[in-house]
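Below are the chains, spelled out letter by letter.
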Amino acid sequence: MRPWWAAAAAFGATFGAMALAGAAWAAPAAAATEAAAPAAPDEPDEPDEPDEPDESGATSIDPDAYIRATQARVAANLDRFSVPGAALALVVDGEVVWAEGLGTADPTTGRPVREDTVFQAGSLSKSVLAWAVLQLAAEGDIDLDAPVDGQIDGWSLPEAPYDTAGGTPGRLLAHTSGLPFAIDATPDTPAHLRAGQVDPEAMTLVQEPGAGFTYSNPGYALLALLVEDATGEDLATALSQHILEPLGMEDSTFDPQAHDRARAATGHAADGEPVDPAWASPLGASGLHTTAADLGRLVAALGDRQRAAPSDVRVDVDELLQPRAPTAGLPHRLLTDATAYGHFVEDLDGSRLVLNAGEEEGWISGFAAVRATGDGIVILTNSRNGYPLLIEELRAWTEFAQLPAPRLVRTHDHLRAGAWTAFGVLLASAAALLLPLAPREQRASPTRPRRRWPQGSRVAAGGAAALLAAGWWGVLAPALRTFLPTVAPWTGGAVTLTAAALVVRAIAAGGRAHAPPAARGDHRGATATTTPGSSTRR
């Protein structure tokens, strides 16, 4: 029989193998990232020449076939992933050709999702803000390469070990300013930031500006101040007048008090509970309330400039979407190649995919587009469980567009396969630990006595293995709950069961080691005595 600690070692090796597999898979992805992004983020290559538009207007997408398949697939996945409702839009050749809502906007009333149902868009707001900053830069009201300190009235970055003069609007847009992620410390409104109602550490540089990618919500809060000072208007008004209205996004707003709440969807947490509709959004980093049809118009404007935004928007989309720095850190390193201004970009066999995703408590949203063809897809959901649905739609859309699977889709596939593999191995480990607990009689071996660990060592080893399990689960659980909400509970249960089995097995094995020989069926302590002329054994 294999000793209990062999199962424990196999258990620990399972998690170690998952880590090594992830690192091995990430290594070529990182190499591809380095190749896809410019070597010097602060001095990007010259923008690529725009692809010549197809004068025939041909596209790789068959809209009718795609729409029919999408309607059936989304309806099934709403139930499968426990998502109340979703709204989608399809962009073909620079035009929104379809927008539709599926499921329920508010399950308590049964109100359905429609194409004009309003959703919170989370970090998709950064894309709109980036449009505004570039427009103001083109008009000479913002200098993308000058320190942001000198362009915001009465505000400056706190002292830091790094040169704060390197914090420029361009670097803020590309997440290379050196500011931290600090999502929980991002101010709710620009006014709160101006009044100093923010944790100073959230606005303090954590690395040298321009050194590399660090996704930063506080950076976009600063850009909100910059837009307000450049326009003399509050952020919601400035973004509406300069970007939303010219793009025809009439049902979109950054003012949560302005949109029609009768048309607003209700967000839902992962457990299905409704999210408080008064939940605050940090303006600039998020705060956009929009519809699938409206967001489709923004995606359409990302296409080739001859079919893109109206002339009064005045944004150089090539500059907007130029890769600025390779992504780094989790999860961004495994989700896309590089960052642009307010967007992410990825090279798919020579086609530049533009994408962004937004998440808030109760909402998951995203879009993707190919600039050369003017094709794109929008997905909005009113649930924290929306990522798998979004990923399945991204997979289906790229297949219809005859593109390779994006990195986000590939990562999801690897995660899902790894999670189910780990689930099976963990259950097998738990069984191997618990089944042999019944005492068994051992045959005496006078020449090679069985060696046992001291009880304290056994318990310590079992506890260490259980802590290892808990530690790895703490690392993996957030990603699994976000991207695999239907798989995570099963894997978590298997981790708990196996960790408990480790401790029980260690204690039981240690207890038998100190039990009397007769109690554990061990006769090696008995002695044989003989008398002269007799072979009788006593």
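What counts, and where the lines are drawn
- Residues numbered from 1 in each chain as written.
- Predicted model: local features only at pLDDT ≥ 70, side-chain atom pairs only at ≥ 80, totals over all residues.
- Heavy atoms only, no water.
- Helix = DSSP H or I, 4+ residues; strand = E, 2+ residues; numbered from the N terminus.
- Buried < 20%, exposed > 50% of the residue type's maximum accessible area, 1.4 Å probe, protein only.
- Contact = heavy atoms within 4.5 Å.
- Areas by Shrake-Rupley, 256 points an atom, 1.4 Å probe, with all protein chains shown as cover.
- Patch = residues over 30% accessible without salt bridge, like charges linked within 9 Å, V, L, I, M, F, W, Y side chains within 5 Å.
- Salt bridge = Lys/Arg side-chain N within 4 Å of Asp/Glu carboxyl O.
- Pairing = 2+ DSSP bridges.
- Core = buried A, V, L, I, M, F, W, Y, C linked by side-chain atoms within 4.5 Å.
- pLDDT = per-residue confidence, 0-100.
- Phe/Tyr/Trp six-rings, centres within 6.5 Å; stacked < 30°, edge-to-face > 60°.
- Lys NZ or Arg CZ within 6 Å of the ring centre and 35° of its normal.
- Lys, Arg positive; Asp, Glu negative; His and termini not counted.
- Polar contact = N/O pair within 3.5 Å; in protein donor to acceptor, adjacent residues only side chain to side chain.

Trainee: Would you take a moment to explain the overall build of the protein for this structure?
Mentor: Along the protein, the regular secondary structure elements total 13 helices and eleven strands. Burial analysis of the protein (538 residues in total) assigns 50% to the buried set. Counting contacts in the protein only where the partners sit at least 6 residues apart, residues at least 24 apart contribute 72% of the total. For the protein, the accessible area works out to roughly 23600 Å², and carbon and sulfur atoms hold 54% of it.

Trainee: Just to check I follow, could you spell out a nonpolar patch on the surface for this structure?
Mentor: A grouping of Leu-427, Leu-434, Leu-497 and Val-504 is seen on the molecular surface, where their side chains present a nonpolar patch of about 290 Å² in accessible area. Listing elements by their share of the nonpolar patch, those giving two or more residues are helix 11 (407–434) and helix 13 (488–513). Mapped onto the elements of the fold, Val-504 is located in helix 13. Judged by relative accessible area, Val-504 falls into the partly exposed class, the value being 41%.

Trainee: Could you clarify how one ought to interpret the environment of Ile-67 in this entry?
Mentor: Structurally, Ile-67 is set in helix 2 (residues 63–80). In this structure Ile-67 touches Leu-90 and Trp-98, once residues within four positions along its chain are discounted.

Trainee: I'm lost on the sheet that holds strand 2 (residues 95–106) in this one. Help?
Mentor: What holds strands together in a sheet is hydrogen bonding between their backbones, with the strands either parallel or antiparallel. Strand order in the open sheet formed by nine strands is 3-2-1-11-10-9-8-7-6, with antiparallel pairing between adjacent strands. Two strands bound the open sheet, and with one partner strand each, they are strand 3 (111–112) and strand 6 (325–326). Of the pairings in the sheet, the one linking strand 7 (residues 338–339) to strand 8 (residues 344–348) comprises two bridges and is antiparallel in character. Considered in strand 8, the bridge of Ala-338 is made with Val-345.

Trainee: What am I meant to see in the nonpolar core here?
Mentor: Soluble, globular proteins show a tendency: their nonpolar side chains are buried together. Core analysis: the largest hydrophobic core is formed by 77 residues, its most contacted members being Trp-131, Leu-173 and Leu-222. With nine residues, the single largest contributor to this core is helix 3 (residues 125–138). Ignoring sequence-local partners within four residues, the contact set of Leu-173 consists of Ala-130, Val-133, Leu-134, Leu-144, Tyr-220, Leu-223, Ala-340, Tyr-341 and Gly-342. One finds Ile-67, Trp-98, Leu-348 and Leu-394 within the second-largest nonpolar core, a separate group that totals 40 residues.

Trainee: Help me understand the pairing of strand 9 (residues 351–360) in this model?
Mentor: Regular strands have side chains that alternate between both faces of the sheet. Relative to strand 9, strand 8 runs antiparallel, the two sharing five bridges. Bridge pairing in strand 9 places Phe-344 opposite Leu-355. Connecting the antiparallel pair strand 8 and strand 9 is a turn made up of two residues, with Asp-349 showing a positive phi of about 50 degrees. Here eight bridges tie strand 9 to strand 10 (residues 363–370), and the two strands are oriented antiparallel to one another. Within the sheet, the bridge partner assigned to Leu-353 lies in strand 10 and is Val-370. Between strand 9 and strand 10, which follow one another and run antiparallel, lie two residues, and Gly-362 among them has a positive phi close to 110 degrees.

Trainee: Before we go on, may I ask you to explain helix 8 (residues 292–301) in this structure?
Mentor: Among the ten residues in helix 8, nine count as buried, and that is most of the element. Buried within helix 8 we find Ala-292, Ala-293, Asp-294, Leu-295, Gly-296, Leu-298, Val-299, Ala-300 and Ala-301.

Trainee: Is there a simple way to explain the confidence of the model for the protein in this structure?
Mentor: Detailed reading of the predicted coordinates is not advisable wherever pLDDT falls low. Across the protein, the average pLDDT comes to 80, with 72% of residues at 70 or higher. When mean pLDDT is compared element by element in the protein, helix 4 (residues 169–174) scores highest at 98, while helix 1 (residues 4–36) scores lowest at 42.

Trainee: Help me understand the packing of aromatic side chains, please; the structure alone is not making it clear to me.
Mentor: Any pair of aromatic rings gets described here by the distance separating the centres and the angle formed by the planes. A full pass over the atoms with the stated rule returns six aromatic pairs. With centroids separated by 6.0 Å and ring planes inclined at 80 degrees, the aromatic side chains of Phe-119 and Trp-363 adopt a geometry described as edge-to-face. Highlighted residues: Phe-119 in strand 4 (residues 119–120) and Trp-363 in strand 10, separated in sequence by 244 residues. The interplanar angle of 50 degrees and the centroid separation of 6.5 Å between the aromatic rings of Phe-213 and Tyr-215 together place this pair among those described as tilted. For the pair Phe-213 and Tyr-215, one class covers both residues: buried. Linked through ring pairs, Phe-181, Phe-213, Tyr-215 and Phe-344 together constitute an aromatic cluster. Just above the ring of Tyr-220 sits the side chain of Lys-126; from NZ or CZ to the centre is 5.8 Å. The positively charged end of Arg-324 is found above the aromatic ring belonging to Tyr-341, 4.2 Å away from the centroid.

Trainee: Any chance you could explain the side chain of Lys-126 here in plain terms?
Mentor: Along the polypeptide, Lys-126 turns up in helix 3. Lacking a salt bridge, the buried Lys-126 has Glu-360 as its closest oppositely charged neighbour, with an N-O distance of 8.5 Å. If we ignore the near neighbours within four places in the chain, the residues touching Lys-126 are His-175, Tyr-215, Asn-217, Tyr-220, Gly-284, Ala-285 and Gly-342.

Trainee: Help me out: how do you make sense of the side chain of Asn-217 in this one?
Mentor: Relative to the helices and strands, Asn-217 is located in helix 6 (residues 217–231). Exposure remark for Asn-217: the relative accessible area of 4% places this residue in the buried category. There is a polar contact of 2.9 Å between the side chain of Asn-217 and the side chain of Lys-126.

Trainee: Looking at this structure, I do not really get the pairing of strand 1 (residues 85–92). What am I missing?
Mentor: Across the eight residues that make up strand 1, a large majority, eight, are buried. The alternating pattern of strand 1 places Gly-85, Ala-87, Ala-89 and Val-91 on one face and Ala-86, Leu-88, Leu-90 and Val-92 on the opposite face, and all of these are buried. In this structure, strand 1 lies alongside strand 2, joined through eight bridges in antiparallel fashion. Among the inter-strand pairings, Val-92 is bridged to a residue of strand 2, identified as Glu-95. Connecting strand 1 to the antiparallel partner strand 2 that follows it, the hairpin turn spans two residues, and Asp-93 within it adopts a positive phi of roughly 55 degrees.

Trainee: Sorry if this is basic, but what is going on with the environment of Leu-247 here?
Mentor: Along the chain, Leu-247 falls in the loop between helix 7 (235–244) and strand 5 (289–290). Owing to a relative accessible area of 8%, Leu-247 belongs among the buried residues under this scheme. Separated by 47 residues in the primary sequence, Leu-247 and Asp-294 place their C-alpha atoms 8.5 Å from one another.

Trainee: Any chance you could explain the pattern of salt bridges here in plain terms?
Mentor: Pairing between side chains of opposite charge can happen when their charged atoms approach one another. Scanning the entire structure with this criterion turns up 14 salt bridges. Notably, a salt bridge pairs Arg-314 with Glu-139, separated by 2.4 Å at the nearest N-O pair. In this pair, Arg-314 is assigned in the loop between helix 8 and helix 9 (317–320) and Glu-139 in the loop between helix 3 and helix 4, connecting sequence segments 175 residues apart. Across the pair Asp-229 and Arg-194 runs a salt bridge whose closest N-O atoms are separated by 2.9 Å. Here Asp-229, found in helix 6, pairs with Arg-194, found in helix 5 (residues 190–194); they are 35 residues apart in sequence, far enough to count as distant. Through salt bridges with shared partners, one network takes in Glu-392, Arg-395, Asp-413 and Arg-416.

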